[in-house]
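# Residue-level structure breakdown
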Amino acid sequence: MLQLSVSSKVNAAWDFLSYLHDVGYAAADGWIERNFKLVGRRSSIEAGPVSGPGPEPEPEPDADAEGGPARSAPARRNPARHRDR
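All of the points below concern the structure found in this document. Worth saying up front: this structure is predicted, and the values here are computed from it rather than measured. (Residues numbered from 1 in each chain as written. Predicted model: local features only at pLDDT ≥ 70, side-chain atom pairs only at ≥ 80, totals over all residues. Heavy atoms only, no water.)

### What to know about the overall build of the protein
Our working definition: Per the convention used, a helix needs a DSSP run of H or I reaching at least four residues, while a strand needs a run of E reaching at least two, with both numbered from the N terminus. Exposure categories follow from relative accessible area, calculated using a 1.4 Å probe and restricted to protein chains: below 20% of the type maximum is buried, above 50% is exposed, and the middle band is partly exposed.
Along its length, the protein carries one helix and zero strands. Out of the 85 residues belonging to the protein, those deemed buried represent 6%.

Here it is, written out as structure tokens:
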């Protein structure tokens, strides 16, 4: 993708859009092959040197008083957002 020119941002030709779709589909397939077993287990992003060093990883949560893992409260839904209009 880095070899595309600046003018590609305004290129709406169907052949070009199909090419971008195919490139994206192939990239997604490769990502799934490399990371499927890790989904939900660890981060799979490779930010690289563009973003600089990231934050330190968070420590594992402490066990609660009963000896189980500490858990956060579930997220609450906003009923006003889910109301039919």
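### Some details on a nonpolar patch on the surface
Quick note on the threshold: What goes into a patch is any residue over 30% in relative accessible area without a salt bridge, connected to like charges within 9 Å or, for nonpolar side chains (Val, Leu, Ile, Met, Phe, Trp, Tyr), within 5 Å. The Shrake-Rupley method, run with a 1.4 Å probe sphere, supplies the accessible areas, and residue values consider only the shown protein chains as cover. For salt bridges, the criterion is a side-chain nitrogen of Lys or Arg within 4 Å of an Asp or Glu carboxyl oxygen.
On the surface, W31, I32, F36 and V39 cluster together to form a nonpolar patch covering roughly 420 Å² of accessible area. By the secondary structure assignment, I32 is in helix α1 (residues 14-35).

### A closer look at the side chain of S8
The following threshold applies: Pairs of N or O atoms are called polar contacts if they sit within 3.5 Å, as long as, within protein, a hydrogen donor faces a hydrogen acceptor (for residues adjacent in sequence, only side-chain-to-side-chain pairs).
Within the secondary structure layout, S8 lies in the segment before α1. Accessibility expressed as a relative area gives 17% for S8, which makes it buried. Of note is the side chain of S8, whose polar atom sits 2.7 Å from the backbone oxygen of S5.

### Description of the environment of L4
The condition that has to hold: Residues are treated as being in contact if the distance between any of their heavy atoms lies within 4.5 Å.
Take L4: it is sitting in the segment before α1. Classification of L4 as partly exposed rests on a relative accessible area of 29%. Residues contacting L4, with those up to four places away along its chain left out, are F16, Y19 and L20.

### Here's the deal with α1
Rules: Here the expected length of a helix is defined as 1.5 Å per residue gap, with one fewer gap than residues. The directions from the helix axis to the C-beta atoms are what the arc is built from.
If you check α1, its first and last C-alpha atoms are 31 Å apart, about what 22 residues at 1.5 Å a residue would give, namely 32 Å. Of all the positions in α1, only F16, G30 and N35 are classed as buried. What you see down the axis of α1 is that its buried residues fit within an arc of 110°, all on one side. Residues of α1 that are exposed and point more than 90 degrees away from the buried face comprise W14, D15, H21, Y25, A26 and E33.

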